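This is what each chain is made of:
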Amino acid sequence: MAAVAEAVNIDAPAEKKRKIEEPTVPEAEVKDKPEAETGKTDAEAGKKDAEADAAPAAGEDKEPELVGEKKERAIIRQVEYYFGDANLNRDKFLREQISKNEDGWVPLTVLVTFKRLAALTTDFEEIINALVKSDEGLLEISDDKQSLRRHPERPIPEHNEERRKEIQERTAYAKGFPLDSQIADILDYFSVYEKVCNITMRKYLDKTTKSYKFKGSIFVTFETLDQAKAFMAKDKVVYKERELLRKWQKEYLQEKQEEYQRKNEKRKNKKESKPEPEIELPKNAIVMFSGALDTTTREELREVFGKTEGFDVAFIEFNKGQTEGAVRLTEADSADKFIEKVENKIKLNDDVSLTLRKATEEEEKEFLDKAIEFMKKRRDFSRNKNKRFGRKRGNDNNYKNKKARGD
């Protein structure tokens, strides 16, 4: 029997939570996975994949119960996956369990709390009877048949950049599997190849059902580059009467990265080509005033002009120390109406009244041009500021309030 050392399914124990990162793809490969495909950071994607592979997604049927040799092969694959290179490099919980024993033995009582193995069996005798038939040489069984350990002569390879690239060189992408495929069937299908050491069922989170769905594609890692080349060199590879599309993983990831960059560039160009909306301010809405005191403030003027019912103040052009200024109302053609309503004067206090008049055509143009230029600069500054801090302007309550006032 061709042993498949590493299965796709990693899970968390039913009673103790394990922190697992990127269970579905060897860690070395994940670093090249484009964000266009995941939409998340590597760590976030790994956590989601762990949840997806730990158990059937909500609303999905469980995999059919296995019996006989098929079940034995599944037990071997699952246990050897736990102790395999890809999993141990990232499975903190299992490494902690190994370190608890001086000789690296892990009790079966711990292993049967892992969901995927528990879904197959929790019978110690059944697990041991299956493992003794493995020709992989990865595991040792304790004399009392109560514990397992990785063979001391099979140390975990150092996981560095060189090894990451080496793993990727012997990993292929295959697409065309039925969407209802089960991992056990895919593993059995690849058992004829010498020798597959890891299979990844690629999944996505369906927002409607909030469950993980199979994409119909996998990553398959072979023991050697020659074995991977032999798989890729075949004229045709068929799974259940479906011809599979095959690519090298490196080629596939590069294509996805380029696709992501093109989409980004397209979005950027579309955004840049979209003209900025013109800023239009109401006409015939500027009231000029004179007679203010040296101590008069803009806040006092806003309060005074705001008392006139039916009119809202958008902006006041005035600096403390001046005696005259201008008020822009929010509604077009409101200047004459305002002046008429207050009879050309408005009381600043009991002793002082402001004299009002409508702005001339030239005064209005100068005022509005200056206001529009100021508003454009403020818009550009706000956009650049929000880009730096990753905040959308529309969520800025302060901005909303100012915009409503017309400031």
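The coordinates are above.
Residues numbered from 1 in each chain as written. Predicted model: local features only at pLDDT ≥ 70, side-chain atom pairs only at ≥ 80, totals over all residues. Heavy atoms only, no water.

### Observations regarding the environment of Ser334
- Position of Ser334 relative to the elements: it lies in the loop between β12 (324–329) and α15 (335–342).
- What makes Ser334 buried here is its relative accessible area of 5%.
- Linking Ser334 and Val287, residues 47 residues apart in sequence, is a C-alpha distance of 9.0 Å. (Helix = DSSP H or I, 4+ residues; strand = E, 2+ residues; numbered from the N terminus. Buried < 20%, exposed > 50% of the residue type's maximum accessible area, 1.4 Å probe, protein only.)

### Topic: the packing of aromatic side chains
- For the structure shown, the criterion picks out 17 aromatic pairs.
- Note on Phe219 and Tyr252: the rings are 5.8 Å apart at their centroids and 65° apart in plane angle, and the pair reads as edge-to-face. In this pair, Phe219 is assigned in strand β6 (residues 211–222) and Tyr252 in helix α13 (residues 249–273), connecting sequence segments 33 residues apart.
- For the pair Phe311 and Phe338, a centre-to-centre distance of 5.2 Å together with 90° between the ring planes defines the contact as edge-to-face. Of this pair, Phe311 sits in the loop between α14 (298–306) and β11 (313–317) while Phe338 sits in helix α15, and the two are 27 residues apart along the sequence. We note that Phe311, like Phe338, is buried.
- Its guanidinium or amino end placed over the ring of Phe231, Arg246 lies 5.8 Å from that ring's centre, counting from NZ or CZ. (Phe/Tyr/Trp six-rings, centres within 6.5 Å; stacked < 30°, edge-to-face > 60°. Lys NZ or Arg CZ within 6 Å of the ring centre and 35° of its normal.)

### Brief notes about the sheet that holds strand β5 (residues 196–206)
- Reading across from one edge, β5-β6-β4-β9 is the order of the four strands in this open sheet, with antiparallel pairing throughout. Every interior strand has two partners, whereas the edge strands, β5 and β9 (245–248), have only one. Ignoring which end each strand starts from, the neighbouring axes of this sheet average 30° apart.
- Across nine bridges, the pairing between β5 and β6 is antiparallel. By the bridge assignment, Leu205 is partnered in β6 with Tyr212. (Pairing = 2+ DSSP bridges. Axes fitted to C-alpha atoms, helices over the stretch in contact; angles between N-to-C directions.)

### A short note on the packing of helix α4 (residues 68–82) against helix α9 (residues 124–131)
- Their axes nearest at 9 Å, the elements α4 and α9 cross at an angle of 85°. Comparing the axis directions of α4 and α9 gives the class roughly perpendicular. Counted together, Lys71, Glu72, Ile75, Ile76 and Val79 of α4 and Glu126, Ile127, Ala130 and Leu131 of α9 form the full contact between these two elements.
- A class-by-class count of the residues in the contact of α4 with α9 yields six nonpolar, no polar and three charged. (Parallel < 35°, antiparallel > 145°, perpendicular 65-115°, else oblique. Contact = heavy atoms within 4.5 Å. Nonpolar A, V, L, I, M, F, W, Y, C, P; charged D, E, K, R; others polar.)

### Looking at the sheet that holds strand β3 (residues 147–150)
- The antiparallel open sheet is built from three strands, whose spatial order is β1-β3-β2. If you trace the sheet from one side to the other, it starts and ends with β1 (106–107) and β2 (139–141), each paired once.
- Alignment of β1 against β3, held across two bridges, turns out to be antiparallel. Within β3, the residue paired with Val106 across the bridge is Leu148.

### Comments concerning the pattern of salt bridges
- Counted under the stated rule, the structure contains 22 salt bridges.
- Across the pair Glu136 and Lys195 runs a salt bridge, and its minimum N-O distance is 2.8 Å. With a gap of 59 residues between them, Glu136 in the loop between α9 and β2 and Lys195 in the loop between α11 (183–190) and β5 connect regions that are remote in the sequence. Taken individually, Glu136 and Lys195 each receive the classification buried, so the pair is uniform in this respect.
- As a salt-bridge pair, Lys263 and Glu259 come within 3.2 Å of each other at their nearest N and O atoms. Of this pair, Lys263 and Glu259 both sit in helix α13, four residues apart, which is roughly one turn of that helix.
- For Lys263, a relative accessible area of 45% gives the class partly exposed.
- It is possible to trace a salt-bridge network through shared partners that takes in Lys70, Arg73, Arg77, Asp185 and Asp188. (Salt bridge = Lys/Arg side-chain N within 4 Å of Asp/Glu carboxyl O.)

### With respect to the nonpolar core
- Core analysis: the biggest nonpolar cluster contains 23 residues, and Val79, Phe83, Leu111, Ile127 and Leu148 have the highest contact counts within it.
- Breaking this core down by element, the ones donating at least two residues are α4, α6 (92–99), α7 (108–111) and α9.
- Examining the composition of this core, we find that five residues originate from one element, α4, more than from any other.
- The contacts of Ile127, once residues within four sequence positions are left out, are Ile75, Val79, Leu108, Val112, Leu117 and Thr121.
- Within the second largest apolar cluster, 22 residues are counted, among which are Leu301, Phe311, Val352 and Leu354. (Core = buried A, V, L, I, M, F, W, Y, C linked by side-chain atoms within 4.5 Å.)

### Regarding unusual backbone geometry
- Despite not being glycine, Asp333 has its phi angle at roughly 60°, a positive value.
- Mapped onto the secondary structure, Asp333 falls in the loop between β12 and α15.
- The backbone of Asn344 shows a phi angle near 70°, a positive value even though the residue is not glycine.
- Structurally, Asn344 is set in the loop between α15 and β13 (345–347).

### Points about the pairing of strand β4 (residues 171–175)
- Taken across its five residues, β4 has four buried, putting it largely inside the fold.
- As judged from the four bridges shared by β4 and β9, these two strands associate in the antiparallel manner. Directly across from Ala172, in β9, lies its bridge partner Trp248.

### Focus on the pairing of β11
- Relative to β12, β11 runs antiparallel, the two sharing four bridges. Within the sheet, the bridge partner assigned to Glu317 lies in β12 and is Ala326.
- If you look at the hairpin formed by β11 and β12, you'll find six residues sitting between the two strands, and Gly321 has a positive phi there, around 105°.

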